[in-house]
Amino acid sequence: MIHCVRTQLKSLLSTGFFHIFGAGTINKVISALLSIVVVRILSKEDFGIYSYVYNLVSFFVLFNGLGVTSALLQLGCEAKADGDVVDVLRYSIKMGVFFDALLAILMLLASFFPMNFPESPLLLRLYALYPMVILIFDVRLILYRIKLENKRYAFLTNIQTLLLALFSIVGAYLWQVVGLIAGQYLAYVISGVLAWLPSMALRMTGRERRSIPGLDKKAFWKLSITSSINNGLGSALSLVGVFLIGFLTGNEYAVAEYKVATTIPFALLFIPGAVVTYIYPYFVRHRDDPQWSLSRYLQLIAIGLFGYGSLAAICCVAGERLITLVFGAQYEGATRAFQIMMLGFFATSALRQPTGNLLVTQRKLWFNTFTGALSLLLCCALCVLLVPAIGVEGAAWAYALAMIAGALCNVPYYISILVRMRKPSENEKPSHHGIRAERD
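On a predicted model such as this, the values are computed, not experimentally measured, just so you know. (Residues numbered from 1 in each chain as written. Predicted model: local features only at pLDDT ≥ 70, side-chain atom pairs only at ≥ 80, totals over all residues. Heavy atoms only, no water.)

Thoughts on the overall build of the chain
Item 1. Broken down by element type, the chain carries 16 helices and zero strands.
Item 2. Buried positions account for 52% of the 440 residues belonging to the chain.
Item 3. Here the analysis covers contacts within the chain between residues at least 6 apart in sequence; of these, 84% occur between residues at least 24 apart.
Item 4. Summing over all exposed atoms, the chain offers an accessible surface of approximately 20,300 Å²; the carbon and sulfur share of this is 67%. (Helix = DSSP H or I, 4+ residues; strand = E, 2+ residues; numbered from the N terminus. Buried < 20%, exposed > 50% of the residue type's maximum accessible area, 1.4 Å probe, protein only. Contact = heavy atoms within 4.5 Å. Areas by Shrake-Rupley, 256 points an atom, 1.4 Å probe, with all protein chains shown as cover.)

In structure tokens, the structure reads:
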């Protein structure tokens, strides 16, 4: 037993899991501290307006590059040769930048529509190129994940997060919200330069340019667009609360309270995010081995239910003290909403998020679209019904119940896929017995 655990820990260490998890922990701690500092630098009114505008920007970022990074990750992991990865990379950058240019135009046009807060249009225009600078950085991170270079991936995300915190705090202190936005841009630009310099120096391919004959564009766009829709639907669930509170109440203080209530639960999502980042390439490589996939999936869920359940319970018990300690007494009213959001965190982390990502490994993107749309519609409907009645807590209940509904859809469907795959070959012995290091 001890030997088995020791072997597993060595395998996780050698393949970079602890680097990814450690980097994710550091990143979220820094991000949480950044949120706390920004809340204290900006007035409650300014923070509410900034949260509303950033929430609008996040809706556009949901469709960043029209999902080319998702297609790059999936096809890159499936690729048999480095040359095929390069083909997908070139096409992803070309199409992603083109779409983000269109997205910038849409953001500029959207800024001329009436908004609840008079400062919003200018701030939205300042964010027009933000999706593009994020995309350029993210594409480089995807390459590290494809090649299982998890240590480099982890290091680069730490650098980006540190720069983002530093420049955001300095900008907010000097020029309030406008300075905060400028600091965010500067952090991503510097991070992008640092990320791409090594590959530019090494001339990553050394091959002549060609017309990308080896790329299946139909498969690329199917993955890209469907993933973009699915990611958009999933992430919109975390954004719709702020938008509808601002729209239905027009109260920047209510927006600020809800934003505070969501800060810790959303920050803690780095934990399942780090786990998925690590396991995803392995599940892609074993997508045709249902026995291996089902065994590892059930282990993943069992550990998640216990770990995330314990974390959620601790946060709920410490609710009021935690909120007032971190954000100040002026946000004490956000405590109940925070506790409800932790219920949504539990359902998302233990069940919905990992299962949704593993459905992509089986190319079942349509089901993620279905559950995402169902969850979003449920969340919006509940917000419209509950926010006018119970305010911020209504938005929190809408999010939590939508997450639970999505989890109850994803889990049985993924298990049924693997069970059906096992039937034709149930007498065959599995070819793999665990996650181990795989190198190009």
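Quick notes on the environment of Thr25
Item 1. Along the chain, Thr25 falls in helix 2 (residues 17-41).
Item 2. Separated by 243 residues in the primary sequence, Thr25 and Leu268 have C-alpha atoms spaced 8.8 Å apart.

What to know about a nonpolar patch on the surface
Item 1. Judged by side-chain polarity, Leu122, Leu126, Leu166, Val170, Tyr173, Leu174, Trp175 and Val178 come together as a nonpolar surface patch covering roughly 830 Å² of accessible area.
Item 2. Looking at the nonpolar patch, the elements that each hand over two or more residues are helix 6 (120-126) and helix 8 (150-202).
Item 3. Considering every element that reaches the nonpolar patch, the biggest residue donor is helix 8, with six residues.
Item 4. Topologically, Val178 is positioned in helix 8. (Patch = residues over 30% accessible without salt bridge, like charges linked within 9 Å, V, L, I, M, F, W, Y side chains within 5 Å. Salt bridge = Lys/Arg side-chain N within 4 Å of Asp/Glu carboxyl O.)

So, the packing of helix 15 (residues 365-390) against helix 16 (residues 392-422)
Item 1. Orientation of helix 15 relative to helix 16, taken along the N-to-C sense of each, is 160°, at an axis distance of 7 Å. It follows from the interaxial angle that helix 15 and helix 16 lie roughly antiparallel. Relative to helix 16, the crossing made by helix 15 is right-handed.
Item 2. When grouped by side-chain class, the residues that make up the contact of helix 15 with helix 16 number 20 nonpolar, six polar and one charged. (Axes fitted to C-alpha atoms, helices over the stretch in contact; angles between N-to-C directions. Parallel < 35°, antiparallel > 145°, perpendicular 65-115°, else oblique. Left-handed = near helix turned anticlockwise from the far one by under 90°. Nonpolar A, V, L, I, M, F, W, Y, C, P; charged D, E, K, R; others polar.)

A short note on the packing of aromatic side chains
Item 1. Per the stated rule, a full pass over the model turns up 21 aromatic pairs.
Item 2. Ring geometry for Tyr52 versus Phe117: centroids 5.1 Å apart, planes at 90°, classification edge-to-face. Of this pair, Tyr52 sits in helix 3 (residues 44-61) while Phe117 sits in the loop between helix 5 (82-110) and helix 6, and the two are 65 residues apart along the sequence.
Item 3. Of the residues examined, Tyr52 reaches a relative accessible area of 4% and is grouped as buried.
Item 4. Taking 4.0 Å as the distance between ring centres and 20° as the angle between the ring planes, the aromatic pair formed by Phe367 and Tyr413 counts as stacked. Here Phe367, found in helix 15, pairs with Tyr413, found in helix 16; they are 46 residues apart in sequence, far enough to count as distant. For the pair Phe367 and Tyr413, one class covers both residues: buried.
Item 5. Ring pairing ties together the aromatic residues Tyr50, Tyr54, Tyr127, Tyr130, Phe137, Tyr185 and Tyr188, which thus form one cluster.
Item 6. Directly above the ring of Phe112 sits Arg125, whose terminal nitrogen or CZ lies 4.5 Å from the centroid.
Item 7. It is Arg140 that lies over the ring of Trp196; its NZ or CZ is 5.8 Å from the centre. (Phe/Tyr/Trp six-rings, centres within 6.5 Å; stacked < 30°, edge-to-face > 60°. Lys NZ or Arg CZ within 6 Å of the ring centre and 35° of its normal.)

As for the environment of Val39
Item 1. Counting through the fold element by element, Val39 comes out in helix 2.
Item 2. Residues Val39 and Phe327 lie 288 residues apart in sequence; the distance between their C-alpha atoms is 7.2 Å.
Item 3. When residues no more than four places from it in sequence are discounted, the contact partners of Val39 are Phe47, Phe327 and Tyr331.

Brief notes about the environment of Tyr127
Item 1. With respect to the element layout, Tyr127 can be found in the loop between helix 6 and helix 7 (130-146).
Item 2. The buried category is assigned to Tyr127, whose relative accessible area is 0%.
Item 3. Note: C-alpha distance between Tyr127 and Ile181 (54 residues apart in sequence) is 7.4 Å.
Item 4. If we ignore the near neighbours within four places in the chain, the residues touching Tyr127 are Tyr50, Val53, Tyr54, Val57, Met107, Ile181, Gln184 and Tyr185.

Considerations on helix 13 (residues 319-327)
Item 1. Buried within helix 13 are the following residues: Gly319, Ile323, Val326 and Phe327. Projected down its long axis, helix 13 carries its buried residues within an arc of 80°, all on one side. Away from its buried face, by an angle of more than 90 degrees, helix 13 presents the exposed residues Arg321 and Leu325.
Item 2. After helix 13 finishes, the residue Gly328 shows a positive phi value of roughly 105°. (Arc of directions from axis to C-beta.)

Here we look at the packing of helix 10 (residues 252-267) against helix 14 (residues 335-361)
Item 1. Between helix 10 and helix 14, the shortest axis-to-axis distance is 9 Å and the interhelical angle comes to 35°. As helix 10 runs across helix 14, the sense of the crossing is right-handed. Two secondary-structure elements touch here, helix 10 through Tyr258, Ala261, Thr262, Ile264, Pro265 and Phe266 and helix 14 through Ala337, Phe338, Met341, Met342 and Phe345.
Item 2. Among the residues making up the contact of helix 10 with helix 14, the classes are represented as ten nonpolar, one polar and no charged.

Without other data, these values stay purely geometric and don't point to any function.
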